[in-house]
Amino acid sequence: MSLPDVPARAPRSPDEELLGAQLPTVRADLDDGQRTARATEELETGFRTLADLGRAISIFGSARVPQDAPEYALARETARRLGEAGCAIITGGGPGLMEAANRGAQDAGATSVGLNIVLPFEQAPNPYQDIGLLFDFFFTRKVMFVRYSSAFVVFPGGYGTLDELFEALVLIQTEKIDDFPVVLVGVDFWSPLVDWIRGRLVDDALISADDPALFVVTDDVEEIVRTVVHGCAQQWALPE
Ligand SMILES: C/C(=C\CNc1ncnc2c1ncn2[C@@H]1O[C@H](COP(=O)(O)O)[C@@H](O)[C@H]1O)CO
């Protein structure tokens, strides 16, 4: 079958240049060696920059929550408390709950890290970052969240937040990582998903009966800090 003769448009992002490289409709600007080099460079820069970060927690949540929302205040307070407990805070560096968490880290004088992502639309990094890295690729950035943190604290969010949550759960379930707390903050927000996980995924035998125990759901900052600090101590072989 011959390919249609259509004009190839410029890729809108490095992701599209990579992921659309087989398509006649997206112009291929690089060869595979150059694409590999681009991803490798992101990994190397991340590894070099974060090598001495020490204990850190990743906090995730919606890019769209405004500053006056209760979730913003809770994310800020959670990050502050985790910062006071001696942890650096890592976020996606964007607006909304990412900004709240970076801000809370700085409130505590803890190191505040933003793993910013280049997006096809205009987007400024939030101004509360001590270390800001800029990634073209989501997949290289995701390596940093897991490698450099000892737990994920996940606030309400959309596709991006769910992607980050489920990545961690798959890594734990498949024993790629262990002693890695995942805390879902917001009982009201997360309960329908948790009910579906139990009532559908467990009942249909798509996950094991004990897989829902891979995460904790709470609204309580004390419980978040306790759960996360315990996981950190296990990973870093620290006394509690
Ligand atoms: C969509 C909008 C802004 C997007 N800006 C982002 N900047 C940095 N990181 C982002 C952004 N969007 C998603 N992420 C990652 O996913 C999580 C939030 O996604 P959600 O879909 O909003 O839940 C977050 O933790 C980031 O790592 C303007 O509205």
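These lines cover the structure that appears in this document, whether it is placed above or below. Remember, predicted model here, so these are calculated numbers, not experimental data.

By secondary structure assignment, the location of Ala-205 is in the loop between α7 (187-202) and β7 (216-218). Classification of Ala-205 by relative accessible area gives exposed; the value is 64%. Spatially, the C-alpha atoms of Ala-205 and Gly-157 are 27 Å apart, while their sequence positions differ by 48 residues.

Per the stated rule, a full pass over the model turns up eleven salt bridges. As a salt-bridge pair, Glu-17 and Arg-35 come within 2.8 Å of each other at their nearest N and O atoms. Of the two residues, Glu-17 is situated in helix α1 (residues 14-19) and Arg-35 in helix α2 (residues 32-50); the sequence distance between them amounts to 18 residues. Taking relative accessible area as the criterion, Glu-17 reaches 4% and is therefore assigned buried. Given the relative accessible area of 8%, Arg-35 is considered buried. The partner of Glu-222 in a salt bridge is Arg-81, with the nearest N and O atoms 3.0 Å apart. Of the two residues, Glu-222 is situated in helix α8 (residues 221-236) and Arg-81 in helix α3 (residues 70-84); the sequence distance between them amounts to 141 residues. Look at Glu-222 and you get partly exposed, because its relative accessible area is 41%. When its relative accessible area of 21% is taken as the criterion, Arg-81 is described as partly exposed. If you follow the salt bridges from partner to partner, you end up with Arg-9, Arg-12 and Glu-16 in one network.

Moving on: the packing of α3 against helix α4 (residues 97-107). The contact between α3 and α4 brings their axes to 7 Å, and the two run at 35°. Taken as a pair, α3 and α4 cross one another with a handedness that is right-handed. Residues Glu-71, Tyr-72, Ala-75, Arg-76, Ala-79 and Arg-80 of α3 pack against Leu-97, Glu-99, Ala-100, Ala-101, Arg-103, Gly-104, Ala-105 and Asp-107 of α4. Residues that form the contact of α3 with α4 fall into these classes: seven nonpolar, one polar and six charged.

Counting across every chain of the model gives five aromatic pairs. When the ring of Phe-189 is compared with that of Trp-190, the centres are 4.8 Å apart and the planes differ by 90°; the resulting orientation is edge-to-face. Residue classification places Trp-190 among the buried positions, given a relative accessible area of 1%. Every member of this aromatic cluster is reached through a ring pair, and the members are Phe-60, Phe-145, Phe-152 and Phe-180. Its end group placed over the ring of Phe-47, Arg-147 keeps NZ or CZ at 4.4 Å from the ring centre.

Moving on, we come to the site of the ligand. Near the ligand there are 19 residues, and of these Ala-63, Gln-123, Gly-158, Thr-161 and Glu-164 occur at the shortest range. Tyr-159 is positioned with one of its backbone polar atoms (N or O) 3.4 Å from an oxygen atom of the ligand. Taking Thr-161, its side chain carries an N or O atom lying 2.6 Å from an oxygen atom of the ligand. Coverage of the ligand by the protein amounts to 84% of the 600 Å² it exposes when considered alone. Taking a 2 Å distance to the grid points as the criterion, the majority of the atoms of the ligand fall inside the largest pocket. The element contributing the most residues to the shell around the ligand is helix α6 (residues 159-173), with four residues.

Here we take up the pairing of strand β1 (residues 56-60). Counting buried residues in β1 gives five out of five residues, a clear majority hidden from the surface. Across the two faces of β1 the burial is the same, with Ala-56, Ser-58 and Phe-60 and Ile-57 and Ile-59 all buried. Relative to strand β2 (residues 88-91), β1 runs parallel, the two sharing three bridges. What sits directly across from Ile-57, in β2, is Ile-89. Regarding the hand of the β-α-β motif, the stretch spanning β1, α3 and β2 is right-handed. With three bridges joining them, β1 and strand β5 (residues 152-154) adopt parallel strand pairing. Bridge pairing in β5 links Phe-60 to Val-154.

How each quantity is defined
Residues numbered from 1 in each chain as written. Predicted model: local features only at pLDDT ≥ 70, side-chain atom pairs only at ≥ 80, totals over all residues. Heavy atoms only, no water. Helix = DSSP H or I, 4+ residues; strand = E, 2+ residues; numbered from the N terminus. Buried < 20%, exposed > 50% of the residue type's maximum accessible area, 1.4 Å probe, protein only. Salt bridge = Lys/Arg side-chain N within 4 Å of Asp/Glu carboxyl O. Axes fitted to C-alpha atoms, helices over the stretch in contact; angles between N-to-C directions. Left-handed = near helix turned anticlockwise from the far one by under 90°. Contact = heavy atoms within 4.5 Å. Nonpolar A, V, L, I, M, F, W, Y, C, P; charged D, E, K, R; others polar. Phe/Tyr/Trp six-rings, centres within 6.5 Å; stacked < 30°, edge-to-face > 60°. Lys NZ or Arg CZ within 6 Å of the ring centre and 35° of its normal. Near = heavy atom within 4 Å. Polar contact = N/O pair within 3.5 Å; in protein donor to acceptor, adjacent residues only side chain to side chain. Areas by Shrake-Rupley, 256 points an atom, 1.4 Å probe, with all protein chains shown as cover. 1 Å grid on protein atoms, 1.4 Å probe; cavity = no way out; pocket = protein on both sides within 12 Å on 5 of 7 lines; lining within 4 Å. Sits in = over half its atoms within 2 Å of the grid points. Pairing = 2+ DSSP bridges. Right-handed = clockwise from strand over helix to strand, strands pointing away.

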